[in-house]
Amino acid sequence: MNILIMGCGRVGSSLASSFSQKGHTVIILDINSTAFQRLPADFEGTAIVGNGTDQDTLTGANVNDTDVFLALTQGDNRNLMAAQIAKHIFKVPRVLSRVYDKNRADIFAKLGIETFSSTYIMSNMIEDIVINPETNEEKSNL
Amino acid sequence: MYIIVVGGGKIGFALSQSLLLNGHEVLCIEQDAQRNSINSKSLGSASFIGDGCEVSVLDKIGASRADALIATTGDDQDNLITCQIAKHKFGVPKTIAQINNPQNRDIFRILGVDATVNITEVIMSQIVQEMPEHPLVPVLSLQGTGQELCHVDITTNSSVIGKQLNQIELPGLSRIALIIDKNREVKIPSDTMILRSGDEIIAVTRPEDEENLRILLTGDN
């Protein structure tokens, strides 16, 4: 698959490296070139400095041949805008967006963007570990 | 009307003031405390500190009874998302957004923002109108029609000088809406009217016909 990732933070860089190792073609975008230091030395994908809400940048990052677009920056609005551009302008078949705010994630899920709220997932998981320590021992050390 | 203005920068602030003067109920939301306190000196209780993209904030300020929301921040992503939340979560009937990057006009339209004001294009067209080397200037995009209003100067080279309007074949869907003559008299066009050098024309055209219209009316290639 051709995978385009926006945001080379911890999650973005770790996914980029993992997809690339599995043989997928990965392009990763970040507005800050130092973010690419998080990528492993043997990363075989392409790293491009640019803003994923900018249509020229997306075109330069081969968005027209992309199968999956992942919006993983720290900004909910940036992620949601880029995801919608990828879906509605460039017709990328599968578009996922990280959204910290659960309310916003729900609204945009209804508008056809696959969203996941990391805050919500984390807080649910921690709550579960606290309430049911015996069944969750291995989870806390993931 | 109850109008929410998201972003209390220079544009949002001036807009809020003017809407208040016109008798509307206005709430200007600004995230930055310092900026908000400056705004509140003039706007009073119409100035509100908060994040206009936050569902709980929009809920608190009664977005569901708002007649319109106008997003005026300098960031297109924030303007887009606040309009979408207003529309889809709170059912605000009219959402209007400032666009800073002209490239984003299509995505705002596709995603259902009711009206957009393209700041860069507005400034560009103002500047270009003041410069004589641009004989055709798009003035206003007629949203939803695929057409625009433009302003053209009839220059001495033009092949349409001395012709009646019904003898001139305009490209595509182009039409002449108004003629302003040398004496600054504004005329509604009729079939038998004759174009003269120095006339100014306000025309309706599609962006793809703009170039041919310019060549026809100005004689420049």
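A quick note: this is a predicted structure, and the numbers were derived from the prediction, not measured.

What counts, and where the lines are drawn
Residues numbered from 1 in each chain as written. Chains lettered and ligands numbered in written order. Predicted model: local features only at pLDDT ≥ 70, side-chain atom pairs only at ≥ 80, totals over all residues. Pairing = 2+ DSSP bridges. Helix = DSSP H or I, 4+ residues; strand = E, 2+ residues; numbered from the N terminus. Axes fitted to C-alpha atoms, helices over the stretch in contact; angles between N-to-C directions. Contact = placed C-beta atoms within 7 Å. Core = buried A, V, L, I, M, F, W, Y, C linked by C-beta atoms within 7 Å. Buried ≥ 20, exposed ≤ 12 C-beta atoms within 10 Å, placed from the backbone.

A. The arrangement of the sheet that holds strand S5 (residues 94-99) of chain B in detail. Residue and element names in this part refer to chain B. Spatial ordering of the open sheet is given by S3-S2-S1-S4-S5-S6, a layout of 6 strands whose pairing is parallel. The sheet terminates laterally at strand S3 (47-49) and strand S6 (115-118), the two strands that pair on one side only. Taking each pair of neighbouring strands and ignoring which way they run, the sheet shows an average axis angle of 20°. Summarising the sheet, S5 and S6 pair through 4 bridges and their orientation is parallel. Bridge pairing in S6 places isoleucine 99 opposite asparagine 118. Along the sheet, helix H1 (residues 10-21) contacts strand S1 (2-6), strand S2 (25-30), strand S4 (68-71) and S5; its crossing angle with S2, the most-contacted strand, is approximately 165°. Against the sheet, helix H4 (residues 76-90) contacts S1, S4 and S5, and its axis sits at roughly 175° relative to S5.

B. Expanded view of the environment of arginine 94 of chain A. All names here are of chain A. You can see arginine 94 is positioned in strand S5 (residues 94-98). Counting along the chain gives 25 residues from arginine 94 to phenylalanine 69, while the straight-line C-alpha distance between them is 6.3 Å. Those residues in contact with arginine 94 that sit more than four places away from it in its chain are Asp67 and Val68.

C. Highlighting the nonpolar core. Grouped together as the largest cluster of nonpolar side chains are 62 residues, with contacts concentrated most on Ile5 and Ala86 of chain A together with Ile4, Val5 and Leu69 of chain B. With 6 residues, the top contributor of residues to this core is helix H3 (residues 76-89) of chain A. Excluding its chain neighbours within four sequence positions, the residues that come into contact with alanine 86 of chain A are Leu58, Val63, Phe69, Val92 and Val95 of chain A.

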